[in-house]
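# A look at the structure
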Amino acid sequence: MTTTASSLTASVGIGGTNAPADVRIVQDLLNRAAHTSLAVDGVCGPDTRQAITDYQAGFLRNPDGRVDPGGQTLRRLEAAARDRAGPPRSDPTTAAGPADGLRLTQFPARGNGHYAYSSPDRQYGTDAMLQLLTSTTAALHRAGLEVGVGDISFQQGGTMPPHSTHRAGRHVDLRPLRTDNARGPVSIGDPRYSRESTRTLVETLLAQGSVRRILFNDAEITDVRHFPGHDNHLHIELSQ
């Protein structure tokens, strides 16, 4: 689906017109830009409204849960969706599937220092990825913290919607940490977001020596790279 500002005819979300065609546009954008997994069904139900609010929490002090034609939320969604269209074909982490000889292992859904917020079939990684996650979450557990682990890859690799990466077990999404240590999503604009604990997470990941880059939009944390749509999760890419 190709989405432009002019293709949205009226507002979507809380208090919006919520025409089915417009709702489908916003649902598709959220899936591609914000790691949601909404049904693109044209129905602006509670999941869609909450996804809009959660996305806005990363850049608005008072999210209104609505996407307006030509508005800031729509512009950000479109920019993030374009940026997530896919890395260059020369990126070796995009080639994946049974023919590539992948040997991926499932990361445990529960353990000391972590919990899963993605389905088990989406949490297969390389040995290096599992080692990174095991070491990092164990270290966070010793500090009294718990990390939410999201999408990694399918068992046989390959395309994992809505991502353009996550094809070869070398990418993983992690939730930022919260001040209340509760399990659940949080964005950098949320008062429950803990910069101190999330900085500890970043430092622990980088100390493992296998991380190529971390995409996350808190400018107060060093050694992370800003990338549209990464206010509510850290995207970790391994070097090999």
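So, how was this worked out
- Residues numbered from 1 in each chain as written.
- Predicted model: local features only at pLDDT ≥ 70, side-chain atom pairs only at ≥ 80, totals over all residues.
- Heavy atoms only, no water.
- 1 Å grid on protein atoms, 1.4 Å probe; cavity = no way out; pocket = protein on both sides within 12 Å on 5 of 7 lines; lining within 4 Å.
- Points joined across faces, edges and corners; volume = space filled by probe spheres on them.
- Nonpolar A, V, L, I, M, F, W, Y, C, P; charged D, E, K, R; others polar.
- Axes fitted to C-alpha atoms, helices over the stretch in contact; angles between N-to-C directions.
- Helix = DSSP H or I, 4+ residues; strand = E, 2+ residues; numbered from the N terminus.
- Parallel < 35°, antiparallel > 145°, perpendicular 65-115°, else oblique.
- Left-handed = near helix turned anticlockwise from the far one by under 90°.
- Contact = heavy atoms within 4.5 Å.

Okay, empty space enclosed by the protein next. For the structure on display, the rule yields one cavity of 30 Å³ or more. The computed volume of the largest cavity comes to approximately 90 Å³. As for the largest cavity, its lining consists of Y115, E146, V147, G148, R175, P176, L177, R178, N181, A182 and G184. In the lining of the largest cavity, the residues fall into five nonpolar, three polar and three charged.

The next subject is the packing of helix α1 (residues 20–34) against helix α2 (residues 46–56). One can describe the packing of α1 onto α2 by two numbers: an axis separation of 11 Å at closest approach and a directional angle of 45°. The orientation of α1 with respect to α2, classified from their angle, is oblique. By crossing handedness, the relation of α1 to α2 is classed as left-handed. On α2, the residues that touch V26, Q27, L30 and A34 of α1 are T48, A51, I52 and Y55. Class assignment for the residues of the contact of α1 with α2 results in six nonpolar, two polar and no charged.

Attention now moves to unusual backbone geometry. The linkage connecting P161 with the following residue, P162, adopts the cis geometry, with an omega of 5°. When you line up the elements, P162 lands in the loop between β7 (147–149) and β8 (171–174). The phi dihedral of N18 is positive, around 60°, even though this residue is not glycine. Assignment of secondary structure puts N18 in the loop between β1 (12–13) and α1. Positive phi, normally seen in glycine, also occurs at H166, with a value near 60°. Structurally, H166 can be placed in the loop between β7 and β8.

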